[in-house]
Every structure is written in structure tokens, then in C-alpha cells.
Amino acid sequence: MRIALACWLALLPGLAAAAAEPAPLPVERIDETRSTLGFEVRTRLGQRLEGRFPRFEGSVDTLPDGRHRVRLRIATAAAEIPRGPRYTDWMRSDRFFDTVRHPWMEFVSDPYPATLLRTGGELRGTLTLRGIHKEETLDMQPATCARPGHDCDVVVEGDIRRSRYGMDDWQLALSERVRFVMQVRLAERATP
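Every value quoted in this text rests on a predicted model; they were computed, and no experiment measured them.

Chemist: In this structure, what is going on with the pairing of strand β9 (residues 154-161)? I would like to understand it.
Modeler: In the case of a regular strand, side chains alternate between the two sheet surfaces. Only one face of β9 is buried: it carries V154, V156, G158 and I160, and the other face, with V155, E157, D159 and R161, is open. Summarising the sheet, β9 and strand β10 (residues 174-184) pair through 8 bridges and their orientation is antiparallel. Looking across to β10, one finds that E157 is bridged to V181.

Below is the structure:
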């Protein structure tokens, strides 16, 4: 009896800790098959070079206070300008994304209210590109449906300045701005 009581008492702290642990918070994955991420650079002559990021991964985390946070990793090494293999090579080179040394860029948003998905507005966060971390602000468009990310795209756009990330080559030929355009869908959660 004493051994059983001693074993039961030894388990109590572990049981209490397990009971006190909060339930895991929801994480929604970005659906890579239904989302598109692209970028655009303009030449000084007005030509628009449109590129895409075919490889990326990301999630939308729900924080304990109910706000959300986006985490997005984009493979710059897979980036391409579909109609210009020569431009693709240049864009992957050390003069632009420098994909050999920095094959990924990452955006982690500041916490934001869930209502931002419906109303639209500024999405602030930290962009890491070429190993340089900078605060950036993107524009989230108002939703066109009741369940943004599931029944309609979440559309996010924003401009960055190349020189802030050490991409200051070709200043006479290219605009200082790089525009990112994202149309994001979330993966449907499995039902138990």
C-alpha cells in the first residue's frame, strides 16, 4: 500500500503540470498549390519585369491573445522571370537576390488582429533578405468573402527599396523599387 501511495504521489506533479498546460493554439498552413507569390521590377525605360516565386512555405499562427502572426519563407533560389532566362540568371546572381549565399528570404509579421483579414490595412513585419533584416509594411486588401484565405484569396502587396538590402547594382537601368504581390490561400484543416 505504501509503495502504491508513494508512486501515486510521485506522479502528482507531472499530472498537475499536464493539466495546467494550455491547449495548443491553431496554426494554419499556407497552401502552396493554391497560392501565388510574385514580384515586379521596372526598368528606367518603363518595361515591367514580372517574376514569380514557385517555392515557398508559410503559416498563420494564432497567438494566446487572439491576434495572428504570419511566417513566410520564400526560396529566392527558385525565383524566375518566366519570359526571360537571362533576367532570371541576373536576378538570382549576387547582384540581386544573391541566391548562392542567401537561398531564402523570410517575412515574419508583427502580431495583428484577425479582423485585418476582412477589413484590409497595413501588415507590418520584418523582412530578411540577403541576410539583412528590415522593418517593412505591406498592404493587405479588404476581403471579398466571409472566410478570407479559404473561400477567396488574401491579397497582399508591397514595395521595398533595393538599396536597403544591398541590391544597388544596375541603378541606371532599374527602378529602386521591387514590388511583391501575393495571393494567398490557406490549407483546409482536417476534421477529426
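Chemist: Is there a simple way to think about the sheet that holds strand β4 (residues 56-62) in this case?
Modeler: One key point about sheets: their strands pair by backbone hydrogen bonds, in either a parallel or an antiparallel sense. The strand order across the open sheet built from 10 strands is β1-β4-β5-β6-β7-β8-β9-β10-β2-β3, with neighbouring strands paired in antiparallel fashion. The two strands at the open ends of the sheet, each matched to only one other strand, are β1 (27-29) and β3 (48-52). Direction aside, neighbouring strands of the sheet carry axes that sit 25 degrees apart on average.

Chemist: Explanation requested: the confidence of the model for the chain in the structure shown.
Modeler: The predicted coordinates should not be examined in detail at positions where pLDDT is low. In the predicted model, the chain carries a mean pLDDT of 86, and 82% of its residues have values of at least 70. Contacts for the low-pLDDT stretch residues 4-9, under 50 throughout, to residues beyond four places or in other chains number 0 contacts. Counting interchain partners and residues more than four positions distant, the pLDDT-below-50 stretch residues 15-21 has 0 contacts.

Chemist: What should I look at first to understand the packing of aromatic side chains in this one?
Modeler: Ring pairs (aromatic) are described by centroid distance and by the angle formed between their planes. All chains considered together, the criterion is met by 6 aromatic pairs. Ring centres of F53 and F97 lie 5.9 Å apart, and the angle between their planes is 50 degrees; this geometry places the pair in the tilted category. With F53 in the loop between β3 and β4 and F97 in the loop between α2 (85-92) and β6 (104-109), the pair connects residues that are 44 residues apart, well separated along the chain. Each member of the pair, F53 as well as F97, is classed as buried. Between W90 and F96, the aromatic rings sit 4.8 Å apart at their centres with planes inclined by 45 degrees, giving tilted as the arrangement. Take W90 and F96: they sit in the same class, and that class is buried.

Conventions used here
- Each chain has its residues counted from 1, following the order in which its sequence is written.
- Residue-level local features of this predicted model are given only where pLDDT is at least 70; pairs of side-chain atoms are given and counted only at 80 or more, and the full residue set underlies all totals for whole chains, interfaces and linings.
- Side-chain numbers come from the whole structure's heavy atoms, not from hydrogens or water.
- Here's how the labels work: a residue is buried when its accessible area is under 20% of the maximum for its type, exposed when over 50%, partly exposed in between, all with a 1.4 Å probe on protein chains only.
- Helix and strand definitions here come from DSSP, where helices need a minimum of 4 consecutive H or I residues and strands a minimum of 2 consecutive E residues; each element is numbered from the N-terminal end.
- Two strands are counted as paired when DSSP detects at least two bridges linking them.
- Axes, fitted as lines to C-alpha atoms, cover a helix only where it is in contact. Angles between the N-to-C directions of the axes lie from 0 to 180 degrees.
- Confidence scores here are pLDDT values: one per residue, from the predictor, ranging 0 to 100.
- The contact criterion used is simple: two residues touch if any of their non-hydrogen atoms lie within 4.5 Å.
- Stacked, tilted and edge-to-face are the three classes assigned to paired rings of Phe, Tyr and Trp, where Trp is represented by its six-membered ring and a pair needs centres within 6.5 Å; plane angles under 30 degrees give stacked, over 60 edge-to-face, the rest tilted.

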